[in-house]
Amino acid sequence: MLTYIARRLLVAIPTLLALIVVSFLLMEFAPGSPFATERGVPAEVLANLEREYGLDRSLIERMGIYVWNVVTQFDFGPSFVFTDRSVNELIAQGFPVTLTYGVWSFIVAVLVGVTLGAFAAIKHNSALDYAAVGITVGAQVLPNFVMAPILVLIFTLWLGWLPGGGWQGGQIEYVILPVIALSTSYMASIARITRSSMLETLNAGYVRTARAKGLPMRRVIFRHALKPAMLPVVSYLGPAFVGMITGSVVIDVFFSTGGIGQFFVNSALARDYSVILGITILFGALTIFFNLLVDVAYAWIDPKIRY
Amino acid sequence: MSDITTAETHLDPGLTEGKGRSLWADARRRFFRNKAAVASLAVLALVMLFAVFGQLLTPWSNEEIDWNLLGMIPQEGGPSLENRHFFGVDETGRDLYARVVQGTRISLAVGIVGALISVIVGTTYGAVAGYVGGKTDNAMMRFVDLMMSIPYMFVLILLLVIFSRSIVMLFVGIGMISWLDMARIARGQTLSIKNTEYVEAAQAIGVSTPTIIRRHIVPNLIGVVIVYATLLVPQMIIFESFISFLGLGVQEPSTSWGALINQGAANLRNGTPWMLGFPLAFFVVSLFALFFLGDGLRDALDPKDR
């Protein structure tokens, strides 16, 4: 198992480095300089600025410094637009917010999705099953950017139950709508996957054996059916995580939570390259790390995988 | 094509008597028995017609501002037959019907182009990787894994910011990601086709590798490829809408479903629900239809999956 983890790490680290280098090079191709304003800057001032930000060195040198700072000190450098703030400060300010509702969304999506899918499979062809299938099919066409305005329309404007934006230090009523908006489509996918794999497992020979020898249904499900049925779900968690991290940008912008996605979009519109680069790398690192976790979990659950 | 027919007919002994039915005739029969899929096809045909000919029904263009309504859009700007704003106007007084026509064109184009790229690039890539096998296969699929493990949306947004936000760049970016899944699926299929008798026969009489891939592997992939391409169209539409919702996709006066939904959502509090309602309805109904169509095609073309 340890060698397996080590081998996966050996793949993950170069992937991350490649992501950093490629994003950095892309940024180098960007036309213009962050200091090129309409009025223009005197040549001496520009040279000073470039020296200050280290832009007068060679490409390789700068890339080396950037990668070194990111890897060893987790330092993404200064923002190119806000003179008084560094990328790290923006991340430190926004990330806890995104993390809070992100973790909740993930928990909700997995718990509700698995429960719904499992019950639908156990009560196959019942009203509950049809309702679950209906929900999952419907939620397929309701990605986060569609859910968010619908939720605000219903719960904020019509019913007036919940605030339609803001964060207020993460009070519960400000967290509910973002969590629902972000988790719905993934909850539906998880429910669908759980249902079909659970149906398959419940028809397997060893489950029939377990029932034939008189085990109570509850025990059959928890001891024999649930674990193998979870395999496809676990492998879906990787893509689901990527989707949620991406979706958090929409949630941050739409609900004005002050999360990291808001900085990302504002920087994208203002061409604040270092912020975009820093956030891309941060999310890339998170994704790669999470995929690693999923792979390890998968190997741990599935006895067929040899490592 | 004859390969498919012979390969398939002996699966169903009842078909060998009388006039044999081809795989495609069989698939068509199965497809048209599926009511939801047929209804979806009809809905999609209507949406297509709307995108192509919808502009002819309205005197307004998507850029023209109706000055008569400015300043009283929440009261007077709603859908109305009298002033020919069938879907009302947006917050700057432009005809929403014409804008939805425009957005539908872009969204459908994005979906179709993304699917086409994935069919061409993904199928070729997957078929080559699967057929050649060994180290080549390993390296090629590792690359796909690597591409899939990065949060692509952020890199795409980075690309859009750096190379200016244009529809061409959007197509390039979507094309770069859409083929990954297809490559995996095509490779998996190829691995099983590779060991069939007719491929062995072709190898035995000395047919070259590119010809085998072109003549024997790819035609037999078509069923699966069509199914996944259909399911890819809504994903690409969601993908583009996501970017446009953030204001980073198509630029004014062009628009797309995502951009229109964003606009409607931004005006939620101004009492103009039609600005959200119409684009949202188009988005949801079309995606629904596309998913059902994909499911119907899967049942029809991929019989072992039932």
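The structure presented is a predicted model; accordingly, all values stated were derived computationally and were not measured.

**Topic: the overall build of chain B**
Part 1: Scanning chain B from N- to C-terminus turns up twelve helices and zero strands.
Part 2: Oriented by its inertia axes, the alpha-carbon framework of chain B measures out at about 75 × 50 × 25 Å.
Part 3: Put simply, chain B has 306 residues, and 44% of those count as buried.

**Notes on the overall build of chain A**
Part 1: Secondary structure assignment for chain A yields twelve helices and zero strands.
Part 2: The buried share of chain A, taken over its 307 residues, is 38%.
Part 3: Taking contacts inside chain A between residues at least 6 apart in sequence as the whole, the part at least 24 apart equals 73%.

**So, the UniProt feature "transmembrane region" (unreviewed entry) in chain B**
Residues and elements named next belong to chain B.
Part 1: The residues that UniProt annotates with the feature "transmembrane region" (unreviewed entry) are residues 36–57, 106–131, 143–162, 168–186, 221–248 and 274–294.
Part 2: From the first C-alpha to the last, residues 106–131 spans 36 Å; its make-up is 100% helix and 0% strand.
Part 3: Across residues 274–294 one finds 100% helix and 0% strand; the C-alpha atoms that close the span lie 30 Å apart.

**What about the packing of helix α4 (residues 87–122) of chain A against helix α7 (residues 172–202) of chain A?**
Residue and element names in this part refer to chain A.
Part 1: Viewed as axis vectors pointing N to C, α4 and α7 meet at an angle of 35°, and their least axial separation amounts to 6 Å. The crossing of α4 and α7 is right-handed.
Part 2: Grouping the constituent residues of the contact of α4 with α7 by class yields 23 nonpolar, six polar and two charged.

**Here's the deal with the packing of α7(A) against helix α10 (residues 231–255) of chain A**
Residues and elements named next belong to chain A.
Part 1: One can describe the packing of α7 onto α10 by two numbers: an axis separation of 9 Å at closest approach and a directional angle of 160°. Classified by the angle their axes make, α7 and α10 are roughly antiparallel. As α7 packs across α10, the resulting crossing turns out to be right-handed. Facing α7, whose interface residues are L177, P178, A181, L182, Y186, S189, I190, I193, T194 and S197, α10 presents P232, V233, Y236, A240, G243, M244, G247, S248, I251 and F255.
Part 2: When its residues are assigned to classes, the contact of α7 with α10 shows 14 nonpolar, six polar and no charged.

**Thoughts on the UniProt feature "domain: ABC transmembrane type-1" (unreviewed entry) in chain B**
Part 1: Within this numbering scheme, the UniProt entry marks residues 104–293 of chain B as carrying the feature "domain: ABC transmembrane type-1" (unreviewed entry).
Part 2: Across residues 104–293 of chain B one finds 83% helix and 0% strand; the C-alpha atoms that close the span lie 18 Å apart.

**Regarding the environment of G278(A)**
Part 1: Within the secondary structure layout, G278(A) lies in helix α12 (residues 273–301).
Part 2: Setting aside residues no more than four positions away along its own chain, G278(A) makes contact with F76(A), V87(A) and I91(A).

**Structural notes on the environment of D26(B)**
Part 1: Looking at where D26(B) falls in the secondary structure, it is placed in helix α2 (residues 23–33).
Part 2: Residues D26(B) and L156(B), spaced 130 residues apart in sequence, show a C-alpha to C-alpha distance of 41 Å.

**Details of the interface of chain A and chain B**
Part 1: Taken residue by residue, the interface counts 35 residues in chain A and 32 residues in chain B.
Part 2: Mapped onto the side of chain A that touches chain B, the elements with two or more residues apiece are α1 (2–29), α6 (144–158), α10, α11 (260–270) and α12 of chain A.
Part 3: In terms of residues, the side of chain A that touches chain B owes the most to one element, α12(A), which gives eight residues.
Part 4: Its residues assigned to classes, the side of chain A that touches chain B comprises 26 nonpolar, eight polar and one charged.

**Remarks on unusual backbone geometry**
Residue and element names in this part refer to chain A.
Part 1: Despite not being glycine, N125 has its phi angle at roughly 65°, a positive value.
Part 2: Using a count of 8 C-beta atoms within 10 Å as the deciding quantity, one classes N125 as exposed.
Part 3: Although it is not a glycine, S256 adopts a positive phi angle of roughly 45°.
Part 4: Within the secondary structure, S256 sits in the loop between α10 and α11.

**Regarding the UniProt feature "transmembrane region" (unreviewed entry) in chain A**
Part 1: Per the UniProt entry, the sites bearing "transmembrane region" (unreviewed entry) are residues 9–27, 101–122, 142–162, 174–193, 233–255 and 275–301 of chain A in this numbering.
Part 2: Between the end C-alpha atoms of residues 9–27 of chain A there is a gap of 27 Å, over a span that is 100% helix and 0% strand.

**What to know about the environment of G94(A)**
Residues and elements named next belong to chain A.
Part 1: Summarising the element assignment, G94 is placed in helix α4.
Part 2: You can call G94 buried: it has 20 C-beta atoms within 10 Å.
Part 3: With 165 residues separating them along the chain, G94 and G259 place their C-alpha atoms 4.1 Å apart.
Part 4: Discounting residues that sit within four places of it in the chain, G94 has contacts with G258, G259, I260, Q262 and F263.

**Remarks on the confidence of the model for chain B**
In regions of low pLDDT, the predicted coordinates are not meant to be interpreted in detail.
All names here are of chain B.
Part 1: Here chain B shows a mean pLDDT of 81. Residues at 70 or above account for 91%.
Part 2: Confidence, read as mean pLDDT per element, is least for helix α1 (residues 2–9) in chain B (46) and greatest for helix α9 (residues 197–204) (89).
Part 3: Contacts for the low-pLDDT stretch residues 1–10, under 50 throughout, to residues beyond four places or in other chains number 14 contacts.
Part 4: Scored as a complex, the prediction yields pTM 0.81 and ipTM 0.78.

**Observations concerning α11(A)**
Part 1: Looking at α11(A), one finds that the buried residues are I260(A), G261(A), Q262(A), F263(A), F264(A), S267(A) and A268(A).
Part 2: Against α4, α10 and α12 of chain A together with α7 (152–162) of chain B lie the buried residues of α11(A).
Part 3: Looking one or two residues beyond α11(A), the residue adopting positive phi is R271(A), at roughly 55°.

**A word on helix α8 (residues 205–212) of chain A**
Part 1: Across the eight residues that make up α8(A), only a small minority, zero, are buried.
Part 2: Just downstream of α8(A), G214(A) is the residue with a positive phi angle, here 95°.

What counts as what
- In this numbering scheme, every chain counts its residues from 1 along its sequence in written order.
- Each chain takes a letter, starting from A, and each ligand takes a number, starting from 1, following the order in which they are written.
- It should be noted that, the model being predicted, local features are given only for residues of pLDDT at least 70 and side-chain atom pairs only at 80 or more, the latter also being counted only at that level, while totals for whole chains, interfaces and linings use all residues.
- Numbering of helices and strands runs from the N terminus; a helix is a DSSP stretch of H or I covering at least four residues, while a strand is a stretch of E covering at least two.
- As a rule, residues whose C-beta atom has 12 or fewer other C-beta atoms within 10 Å are exposed, those with 20 or more are buried, and those in between are partly exposed; C-beta atoms are placed from the backbone.
- By the criterion used throughout, residues are in contact when their C-beta atoms, derived from the backbone, lie within 7 Å.
- UniProt positions are given in the numbering used here, feature names are shortened, and annotations may be inferred rather than shown by experiment.
- Axis angles are defined between N-to-C directions and span 0 to 180 degrees, where every axis is a line fitted to C-alpha atoms and, for a helix, only to the segment in contact.
- Definitions for this section: a left-handed crossing has its near helix turned counterclockwise from the far helix by less than a right angle. A right-handed crossing has that turn clockwise.
- For this classification, Asp, Glu, Lys and Arg are treated as charged, while Ala, Val, Leu, Ile, Met, Phe, Trp, Tyr, Cys and Pro are nonpolar and the rest, including Gly, are polar.
- These descriptions rest on fixed angle ranges, namely under 35 degrees for roughly parallel, over 145 for roughly antiparallel, 65 to 115 for roughly perpendicular, and the rest for oblique.
- By definition, pLDDT measures how confident the predictor is in each residue, and it falls between 0 and 100.

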